[in-house]
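Residues per chain, in single letters:
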Amino acid sequence: MQVQAQVQLKNLNTLNLNAIASHYVQINHPDDVIEALNFAEQHNLNALILSGGSNVLLPQQIQALVLHLNIQGINVLAEDENTITVKVGAGQVWHDFVLYSTQQQWFGLQNLALIPGLVGASPVQNIGAYGVEVGEFIDSVQVYDRQLKVFDSISGSDCHFAYRHSIFKDYPNRYIIVSVTFKLLKKADLKLSYGDLKQAVGEEFTAENLQNQVIHIRQSKLPDPKEFPNVGSFFKNPILTEAEFGKIAQHFPNIPHYPQAHSNVKVAAGWLIDQTGWKGKQLGSVGMFDKQALVLVNYADATLADVKNTYQTVQSDVKQKFNIQLEPEPVLYSEQGLIQAHHV
């Protein structure tokens with residue numbers, strides 16, 4: 001394990017924000033985690049856990065030890081007639097693993113193709129797309145528990161998965177994910193609840209075609225981070241009570257919405273942003289993408305301050321028009337490497 005000083009993280013976060021880490025180390029093996037945390041403690045530094053950088057907002061200067069997860073490996077642990085259980089290193093690229101799973105005829109994750117980031121980050125916000133959430137297929141998550149100072153395995157049922165949420169968000173500084181164990185299906189069970197996806201799949205009901213159509217749709221709507229730096233969907237889709245939704249629907253009957261558990265209703269954040277005129281609009285070097293209003297893009301050499309200025313203005317405009325408070329998805333870090341709340 002080699003700790004480096006004054007490392008530029010611009011190429012390690014998909015929003016391409018300038019961010020200099022005072023200390024940086026690549027984690028290639030679970031044992032490196034303990035060594036890195038000992039180094040941080042000895043030097044009175046906080047530890048910032050960086051995965052694929054696709055869901056983070058980093059300040060220009062970070063006085064902390066950045067642990068960059070690069071643990072590899074895909075290992076079959078068990079299988080039966082209907083399922084196969086696979087352990088995957090936290091540093092594996094998520095999309096590559098989805099493609100590999102389809103090649104191996106392991107089913108369940110095809111709707112989640114082309115989501116940026118690494119496998120280790122997938123349980124944190126329970127990534128989801130087109131009617132599927134990763135938590136449905138997570139058997140367990142292997143972690144280093146910083147509180148108890150031991151390696152542990154947390155079962156999927158104990159991860160408290162919900163919409164864009166998990167136990168790892170409840171205790172953001174406690175667990176470092178080193179691998180994720182998935183229980184995947186041996187027979188394809190295609191999820192086609194979204195109209196545009198069902199239409200795109202057509203009559204060819206195969207997992208391969210489903211995956212290809214997901215990739216095509218995402219590419220048509222979402223910008224490539226290498227061309228337009230972004231973190232994917234910037235805001236969560238708001239979850240409203242039936243009463244709250246009813247009030248808004250009276251004035252905006254065309255609002256896209258999706259029934260949820262407990263009589264709640266999910267509404268489309270992208271539509272809300274579009275209705276306020278932000279689709280394709282910029283504020284300085286930061287704006288909302290012209291093909292998908294939910295995606296915030298760094299069009300030039302933006303700073304975290306520029307990003308905050310734009311997304312907080314979008315929040316304010318949506319709040320004024322719909323009385324809905326949009327909640328950002330990306331994790332916001334302080335200059336000390338600690339997770340911060342997004343101020344309302």
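Residues numbered from 1 in each chain as written. Predicted model: local features only at pLDDT ≥ 70, side-chain atom pairs only at ≥ 80, totals over all residues. Heavy atoms only, no water.

A. Seen up close, the UniProt feature "active site" (unreviewed entry) in the protein. Mapped onto this structure's residue numbering, the UniProt feature "active site" (unreviewed entry) falls at Arg164, Ser233 and Glu329. Spatially, the listed residues are clustered: although they cover 166 residues, their C-alpha atoms lie within 11.5 Å of one another. Of note, Arg164 is situated in the loop between strand S11 (150–155) and helix H3 (167–170). What makes Ser233 partly exposed here is its relative accessible area of 29%. (UniProt positions renumbered as here; feature names shortened; annotations may be inferred. Helix = DSSP H or I, 4+ residues; strand = E, 2+ residues; numbered from the N terminus. Buried < 20%, exposed > 50% of the residue type's maximum accessible area, 1.4 Å probe, protein only.)

B. Looking closely at the UniProt feature "domain: FAD-binding PCMH-type" (unreviewed entry) in the protein. As recorded in UniProt, the feature "domain: FAD-binding PCMH-type" (unreviewed entry) lies at residues 17–187. The span residues 17–187 is 16% helical and 38% strand by assignment, and the distance between its end C-alpha atoms comes to 42 Å.

C. Structural view of helix H5 (residues 207–221). Helix length check: H5, at 15 residues, gives a terminal C-alpha distance of 21 Å against a target of 21 Å (1.5 Å per residue), a fit within 8%. When we look at burial in H5, the residues that qualify are Ala207, Asn209, Leu210, Gln211, Gln213, Val214, Ile215, Ile217 and Arg218. Where the residues of H5 are buried, they touch helix H2 (94–103), strand S8 (128–129) and helix H4 (195–201). (Expected span 1.5 Å × (residues − 1). Contact = heavy atoms within 4.5 Å.)

D. Inspection of the sheet that holds strand S15 (residues 257–259) at higher detail. Taken together, the three strands give an open sheet; going across it, the order is S14-S16-S15, and neighbouring strands pair in antiparallel fashion. Looking at which strands have only one partner, the edges of the open sheet turn out to be strand S14 (239–240) and S15. Strand direction decides the pairing type here: S15 and strand S16 (residues 265–267), joined by three bridges, are antiparallel. Across the sheet, the residue bridging to Pro259 is Val265, located in S16. (Pairing = 2+ DSSP bridges.)

E. Quick peek at the sheet that holds strand S1 (residues 4–8). The strand order across the open sheet built from four strands is S1-S2-S5-S3, with neighbouring strands paired in mixed fashion. Pairing within the sheet leaves two strands with one partner each, and these edge strands are S1 and strand S3 (47–50). Adjacent strand axes in the sheet meet at a mean angle of 45 degrees when their direction is disregarded. One ladder, built from seven bridges, connects strand S2 (residues 20–27) with strand S5 (residues 61–69); its direction is parallel. Bridging from a neighbouring strand, Val25 pairs with Leu67 of S5. (Axes fitted to C-alpha atoms, helices over the stretch in contact; angles between N-to-C directions.)

F. Layout of the layout of surface pockets. In this model, the second largest pocket occupies a volume close to 810 Å³. For the lining of the second largest pocket, the secondary structure elements donating two or more residues are S5, H2, H5 and strand S13 (230–233). (1 Å grid on protein atoms, 1.4 Å probe; cavity = no way out; pocket = protein on both sides within 12 Å on 5 of 7 lines; lining within 4 Å. Points joined across faces, edges and corners; volume = space filled by probe spheres on them.)

G. Region of interest: the pattern of salt bridges. For the structure shown, the criterion picks out seven salt bridges. Of the charged contacts, one joins Arg164 and Glu329 as a salt bridge, the two residues approaching to 3.4 Å between their closest N and O atoms. Taken together, the residues Arg164 in the loop between S11 and H3 and Glu329 in the loop between helix H8 (304–322) and strand S20 (331–333) connect sequence positions 165 residues apart. Pair check on accessibility: Arg164 and Glu329 agree, each one buried. A salt bridge links Lys236 to Glu327; its shortest N-O distance comes to 3.0 Å. A residue pair is termed long-range when its members are at least 10 positions apart, and Lys236 in the loop between S13 and S14 and Glu327 in the loop between H8 and S20 qualify at 91 residues. Residue Lys236 is classed as buried on the basis of its relative accessible area, which comes to 14%. (Salt bridge = Lys/Arg side-chain N within 4 Å of Asp/Glu carboxyl O.)

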